[in-house]
Amino acid sequence: KMSKKQYIMMESALTARDRVGVQDFVLLENYTSEVAFIENLRKRFKENLIYTYIGSVLVSMNPYKDLEIYTKQHMERYRGVNFYEVSPHIYAVADNAYRSMRTERRDQCILISGESGAGKTEASKKVLQYYAITCPASEHVQTVKDRLLQSNPVLEAFGNAKTLRNDNSSRFGKYMDIQFDFKGAPVGGHIINYLLEKSRVVHQSHGERNFHIFYQLIEGGEEDLLRRLGLEKNPQQYQYLVKGNCPKVSSINDRNDWKIVRKALSIIGFTDDELLNIIASVLHLGNVQYGGEDSGSAYITTETQIKYLARLLGVDGTVLKEALTHKKIIAKGEELMSPLNQEQAASARDALSKAIYGRTFTWLVNKINDSLAFKNASVIGLLDIYGFEVFQNNSFEQFCINYCNEKLQQLFIELTLKSEQEEYEAEGITWEPVQYFNNKIICDLVEEKFKGIISILDEECLRPGDASDITFLEKLEDTVGGHAHFLTHKLADGKTRKVMGREEFRLIHYAGEVNYNVNGFLDKNNDLLFRNLKEVREQKKQKKTKICKYNISGLKSTQFKNSLAKLMEILMSKEPSYVRCIKPNDAKQAGRFDEVLIRHQVKYLGLMENLRVRRAGFAYRRRYETFLQRYKSLCPDTWPNWDGRLVDGVSTLVKHLGYKPEEYKLGRTKIFIRFPKTLFATEDALEVRKHSLGYSQKTKYRKMRQSAIKIQAWWRGILACRKAKRRREAANTIRRFIKGFIYRHQPRCPENEYFLDYVRYSFLMKLHRSLPKTVLDKSWPTPPPALVEASEQLRKLCMQNMVWKYCKNINPEWKHQQKMVASEIFKDKKDNYPQSVPKLFVDTRLSEFSDINPKLQQALGNEKMKYAVPVTKYDRNGYKARNRQLLLMANSAIIVEEGKLKQCIDYSSLKGISVSSLSDGMFVLHVTCEDNKQKGDVVLQCEHVIETLTKVAICADKMNSININQGSIKFNVAQGKEGIIDFTSGSELLIAKAKNGHLSVVSIAVEINLNGCLSRLFFFFLTEIMNLFLISQTAPRLNSR
Ligand SMILES: Nc1ncnc2c1ncn2[C@@H]1O[C@H](COP(=O)(O)OP(=O)(O)OP(=O)(O)O)[C@@H](O)[C@H]1O
Ligand SMILES: [Mg+2]
């Protein structure tokens, strides 16, 4: 259900259209009616809606007040949105052109036209600002942007002036290319200027001024600058500035503008003051006065001016003076200087001023172009050019301007029709021919070769004989007199004659009729400048300045025609957008809608024609997706979403809405609607639907919102609970920890349980990370007091495990060694033990086949020999040394001399073995005395004592019976008699019977450092390995963990 308030809102939305009009003229029901057109303009103007479309053409009304529609927010609003989705705006046009350039890679141009004061220059500045602010930028780009923006105040200072119609009227046409790089950043620019109104330099109508720059220089110029230029701070002093009688205007602040211009000049890159020299010279030239009789030759009365001029222009004073008072004529092939009378001299002077200023302006534009130059860019062109001009008295300038507009109109019609036709074709809709006025006939009338008005004018200027403006008019009557768009006083009917002068011809332009007065046509076309003045300029050029380049490229009108042709070429190669400016009144007043004036402009801008072309077929067209998106709520089948093809959706929708077949057509991507009323009916239905839909949607929305809030609340609750739980747990842990720390030295109890567990855990974890990796690594983390015992156990286990692993991987040969037995017996006890460590034990030192006598072998029979070694035996009494062999058998040790078995010692009767602790090879085998077969203990010496004794100990199983003695060994000689061996160490091995009857053995003291550190290390390592063997023998086998 709808409330009353909603009904009122809805109604106001429906009537809004009546109040503010339509934002696109194509939506006017009665599109051929000028009254309806102007009414729509009026409605919108009243609401400060200054912009309205005709399709893609923007019509702009000058508000004559600052509207809040050019802010950065506005720029953002128009950036990247569809042209039609937002209200009409100059930014929409700018953005549309920019996007087409970026996406379609096609150069664009924006054509701005309208009467003087209609807001063309303002519009072009708005476009430029839009790009400067919204386009991407870099540092380099910033300087270019600055220069682009600053070119405006400079050009305006030199090319704009106060006129009756506009306080800042552009007195030249301007086409400006803005160049963009591939990233879309503005990177350069190029300006072409057209037809500067030079006559303003020497003469201004009442209430008008000369170009701004003169006043700015005089009002704003610094003291010493003015002194240097010889200028006074008073515009009234200068003939060229007093003609219009209004040197000061309230709306213009020359002094401020001067500062802006100076700054802009320096940003663009003008550094020298040459430009100002020329501006000052023009003022001085204006003050040059002549004296003399009316008919006699003129002479110059103002010497100071000549002095300043000569200096500022860099020319010779006398030459200048002569040039200003004489003209050069060529008679019979000879050059003669013919004096001028006062009037002629004055016009020669003015001609020079105009020429100088005109060329300076062109030079300025070139200089700006140099500073903006960039290559290989996409381009958006901006054309700010005078609109149709019709005055009481129209002359050569109006003729050119109106011709220019005629050409632009031709271009417009051609391009609009072409693009319309192309669109229809692309959409597959049959093109219905449009009736329009083709103004080619008028363009031809003006520009056709040999037969056109311009050709005739040139011919008159160039032909020998007395040509004058009147002969020109007659020639026109002769040549184009029959043309439907041409009339003169003579050719006109009685009624028309009344409103035409005899010196006028009339052109019937597409926009209306204009009478042109032929007075001055020839002179202006000649761009008159006496020859010797040209020479002064030539001289000047050679001498100093680059500004005044002189070149003749035809007569003025032909030059203009050619430059226009070039402009058309430029525009044709681009995709155009149009801005048509209208001024609401002549008084520059805000809010005043002068209907007569506006109707006049609507006519001259050809807006009705625009509209007719645009409305020829269909009033409205939109892409399917846009159309469906907007209106889908009006049909149950398309609401809320249409899943099928867009065209089917739109077709379903419009059928549901009751569109009749003649009211619309479906193209390939767009729907075309013929009448605005069909669209309005749909819009109104949408308005109604919006409100009902709005209500139900609102209720639905509220419900959804409440549900969402509920879900959110629950979920937040759950998250908070989880968080609180975690926090609680964390606090508990910390608390337990602190308590545990306090009780850590107490026996395990509930208070320290957690802490101790943690300490154990962290020790074990630390251990796990830092277990020793090799058997030689003795590092081990310090355990906490509670774990000392366990740590020790673990350390052993770990070591055993590593050892076991080490041994598993050890060389098999080593495993069969009896080294560990040797180690157990001799390590740290006998000096030459270390020497034996690196040497492998061998199975035997004597070969059974080559070293042992065969006879003995026979005697031994099958008994297996376990080890054999050469030894030295010392007699028990005389200690005589004899070479013997020691053989170890299964049950006995045998001492052999050659083939003879000398002595056999049963292992059972072997009581023990004695050796010294020194590094000698002596050893004594002690034998039991009961055995009668024995002759007593045996004293032997052997090179491989450690090896030999180890073998003996193993074979006889006498590991524990080896005695290592310090100093001396006692032994049984026989039947209770005792012998003694004394051991000492010395530098030389010596074994001999001493005087006391003892056997004295001097053994070599073992030098530990025998082979240097390396061998010591090696010993150490081997000893360690020995140890390991021992351990591995005793250790239980652990698995690798
Ligand atoms: N959009 C606007 N908003 C506010 N004021 C504007 C706007 N457009 C124009 N004006 C006012 O109108 C004056 C004249 O505008 P502008 O100089 O652009 O006219 P023009 O069409 O270039 O005229 P001319 O052909 O003489 O150069 C401006 O100085 C400004 O005061
Ligand atoms: Mg302008």
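Source: prediction; values computed, not measured.

Colleague: Please clarify how the coordination of the magnesium ion (ligand 2) should be interpreted in this entry.
Modeller: When a metal holds four donors in a tetrahedron, each ideal angle between them is 109.5 degrees; when it holds six in an octahedron, the ideal angles are 90 or 180 degrees. Those donors, Thr 121 (OG1) and Ser 170 (OG), are the protein atoms that reach the magnesium ion (ligand 2), and they lie 1.9 to 2.0 Å from it. Taken together, the residues span a long stretch of sequence, with Thr 121 in helix α5 (residues 120-134) and Ser 170 in strand β5 (residues 169-170) at a distance of 49 residues.

Colleague: Would you mind showing me how to read the site of ligand 1 here?
Modeller: Residues in close proximity to ligand 1 total 17 residues, the closest being Ser 116, Lys 120, Thr 121, Ser 169 and Ser 170. Gly 119 has a polar backbone atom sitting 3.0 Å from an oxygen atom of ligand 1. The separation between an oxygen atom of ligand 1 and a polar main-chain atom of Ser 170 is 2.7 Å. Considering ligand 1 on its own, with 630 Å² of exposed area, one finds that the protein chains cover 86% of that surface. Going through the elements one at a time, α5 and β5 are the ones with two or more residues in the shell around ligand 1. No other element matches the 3 residues that α5 contributes to the shell around ligand 1. Here the shell around ligand 1 is built from residues that sort into 4 nonpolar, 9 polar and 4 charged.

Colleague: Before we go on, may I ask you to explain the pairing of strand β7 (residues 186-194) in this structure?
Modeller: Taken together, the 8 bridges between strand β6 (residues 173-180) and β7 define a ladder with antiparallel strand orientation. If you follow Gln 179 over to β7, its bridge partner there is Gly 188.

Colleague: Can you help me understand the sheet that holds strand β30 (residues 990-993) in this one?
Modeller: A sheet is described by the order of its strands in space; here 4 strands give the open sequence β28-β29-β31-β30, paired in mixed fashion. In this open sheet, the two strands that pair with only one neighbour each are β28 (968-974) and β30. Put simply, the sheet's adjacent strands are angled 20° from each other on average, direction ignored. Bridge count between β30 and strand β31 (residues 999-1004): 4 bridges; the pairing is antiparallel. Across the sheet, residue Ala 992 finds its bridge partner in β31, namely Ser 1000.

Colleague: Can you help me understand a nonpolar patch on the surface in this one?
Modeller: The grouping of Ile 734, Ile 738, Phe 741, Ile 742 and Tyr 743 at the surface amounts to a nonpolar patch, some 500 Å² of accessible area in total. For Ile 742, the position within the fold is in helix α27 (residues 676-742).

Colleague: What am I meant to see in the nonpolar core here?
Modeller: With 187 residues, the main nonpolar core has Tyr 131 and Phe 505 as its most contacted residues. In terms of residue count, helix α15 (residues 396-427) provides more of this core than any other element does, 12 residues in total. Beyond its immediate stretch of four places on either side in the chain, Tyr 131 contacts Ala 94, Ala 97, Tyr 98, Ile 110, Lys 145, Ile 178, Phe 180, Pro 186 and Ile 380. Ranked by size, the runner-up nonpolar core spans 33 residues in total, among them Tyr 867, Val 871, Leu 940 and Leu 949.

Colleague: Looking at this structure, how should I read unusual backbone geometry?
Modeller: Glycine aside, negative phi is the norm for most residues, and most peptide bonds take the trans geometry. Pro 640 follows Trp 639 through a cis peptide bond whose omega is 0°. Its identity is not glycine, yet Asp 828 carries a phi of approximately 65°, on the positive side. Tracing the sequence through the fold places Asp 828 in the loop between α31 (819-826) and α32 (833-836). The residue Glu 898 is not glycine, and still its phi comes out positive at about 50°. Its place among the elements puts Glu 898 in the loop between β22 (892-897) and β23 (900-906).

Colleague: How should I be thinking about the pattern of salt bridges in this particular structure?
Modeller: A side chain of one charge can pair with a side chain of the opposite charge if their charged atoms are brought near each other. As enumerated under the stated definition, the model contains 41 salt bridges in all. The shortest N-O distance in the salt bridge between Arg 506 and Glu 513 comes to 3.5 Å. The class of Arg 506 is buried, set by a relative accessible area of 10%. On the accessibility criterion, Glu 513 (46% relative accessible area) is partly exposed.

Basis of the calculations
Residues numbered from 1 in each chain as written. Chains lettered and ligands numbered in written order. Predicted model: local features only at pLDDT ≥ 70, side-chain atom pairs only at ≥ 80, totals over all residues. Heavy atoms only, no water. Donors = N, O, S within 2.8 Å, 3.2 Å for Na, K, Ca; no water. Helix = DSSP H or I, 4+ residues; strand = E, 2+ residues; numbered from the N terminus. Near = heavy atom within 4 Å. Polar contact = N/O pair within 3.5 Å; in protein donor to acceptor, adjacent residues only side chain to side chain. Areas by Shrake-Rupley, 256 points an atom, 1.4 Å probe, with all protein chains shown as cover. Nonpolar A, V, L, I, M, F, W, Y, C, P; charged D, E, K, R; others polar. Pairing = 2+ DSSP bridges. Axes fitted to C-alpha atoms, helices over the stretch in contact; angles between N-to-C directions. Patch = residues over 30% accessible without salt bridge, like charges linked within 9 Å, V, L, I, M, F, W, Y side chains within 5 Å. Salt bridge = Lys/Arg side-chain N within 4 Å of Asp/Glu carboxyl O. Core = buried A, V, L, I, M, F, W, Y, C linked by side-chain atoms within 4.5 Å. Buried < 20%, exposed > 50% of the residue type's maximum accessible area, 1.4 Å probe, protein only. Contact = heavy atoms within 4.5 Å.

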